Amino acid sequence: MTTGFPGPGTVLIFAVILVPVYVMIAAWFFGKPRDTKMAALGLGYLVGLTTLLWVGMFIKTVVIDVIFF
């Protein structure tokens, strides 16, 4: 049995648990006082860290798959 990406856990994580993160990002761009340069820098850091975590997990998953399966 294989699981696809859009499962109930995915909906829970991206729609419910990450709401504070979405609010934070919206506040960076729509809040006052506005500093678009710093908001873009913060968003860049957030996207960069998330990408590094996902890529790292993917590489570890591939290594585990090769070693054990």
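Notes on the structure in this doc start here. (Residues numbered from 1 in each chain as written. Predicted model: local features only at pLDDT ≥ 70, side-chain atom pairs only at ≥ 80, totals over all residues. Heavy atoms only, no water.)

Here we take up the overall build of the chain. In terms of regular secondary structure, the chain is built from three helices and zero strands. The linear arrangement of helices and strands in the chain, starting from the amino end, is α-α-α. For a compact globule of 69 residues, the expected C-alpha radius of gyration is about 11 Å, and the chain comes in at 17 Å, more than 25% above that figure. Taking the principal axes of the C-alpha coordinates as reference, the chain spans close to 55 × 25 × 10 Å. Counting across all 69 residues of the chain, residues that qualify as buried make up 6%. Carbon and sulfur atoms make up 79% of the accessible area of the chain, which totals about 6,200 Å². (Helix = DSSP H or I, 4+ residues; strand = E, 2+ residues; numbered from the N terminus. Rg over C-alpha atoms; globule rule 2.2 N^0.38 Å. Buried < 20%, exposed > 50% of the residue type's maximum accessible area, 1.4 Å probe, protein only. Areas by Shrake-Rupley, 256 points an atom, 1.4 Å probe, with all protein chains shown as cover.)

Attention now goes to the packing of helix α1 (residues 8–17) against helix α2 (residues 19–30). Relative to each other, α1 and α2 sit at 40°, their axes nearing to 5 Å. In terms of axis orientation, α1 runs oblique to α2. For the pair α1 and α2, contact is made by F14, A15, V16 and I17 and by V19, P20 and Y22, respectively. Per-class residue counts for the contact of α1 with α2 are seven nonpolar, no polar and no charged. (Axes fitted to C-alpha atoms, helices over the stretch in contact; angles between N-to-C directions. Parallel < 35°, antiparallel > 145°, perpendicular 65-115°, else oblique. Contact = heavy atoms within 4.5 Å. Nonpolar A, V, L, I, M, F, W, Y, C, P; charged D, E, K, R; others polar.)

To find leftover empty space, a probe the size of one water molecule is rolled over the atoms. Estimates place the volume of the largest pocket at around 190 Å³. Along the walls of the largest pocket sit F14, L18, V21, Y22, I25, L46, V47, T50 and W54, which together make up its complete lining. Elements with a contribution of two residues or more to the lining of the largest pocket: α2 and α3 (36–68). In terms of residues, the lining of the largest pocket owes the most to one element, α3, which gives four residues. The residue inventory of the lining of the largest pocket, partitioned by class, reads eight nonpolar, one polar and no charged. (1 Å grid on protein atoms, 1.4 Å probe; cavity = no way out; pocket = protein on both sides within 12 Å on 5 of 7 lines; lining within 4 Å. Points joined across faces, edges and corners; volume = space filled by probe spheres on them.)

Turning to a nonpolar patch on the surface, a few remarks are in order. Where nonpolar side chains cluster on the molecular surface, the patch consists of L12, I13, F14, V16, I17, V19, Y22, V23, L53, W54 and M57 and spans about 1,100 Å² of accessible area. Taken together, the elements giving at least two residues each to the nonpolar patch come down to α1, α2 and α3. At five residues, α1 tops the list of elements feeding residues into the nonpolar patch. Structurally, L12 is set in helix α1. Residue L12 is classed as partly exposed on the basis of its relative accessible area of 45%. (Patch = residues over 30% accessible without salt bridge, like charges linked within 9 Å, V, L, I, M, F, W, Y side chains within 5 Å. Salt bridge = Lys/Arg side-chain N within 4 Å of Asp/Glu carboxyl O.)

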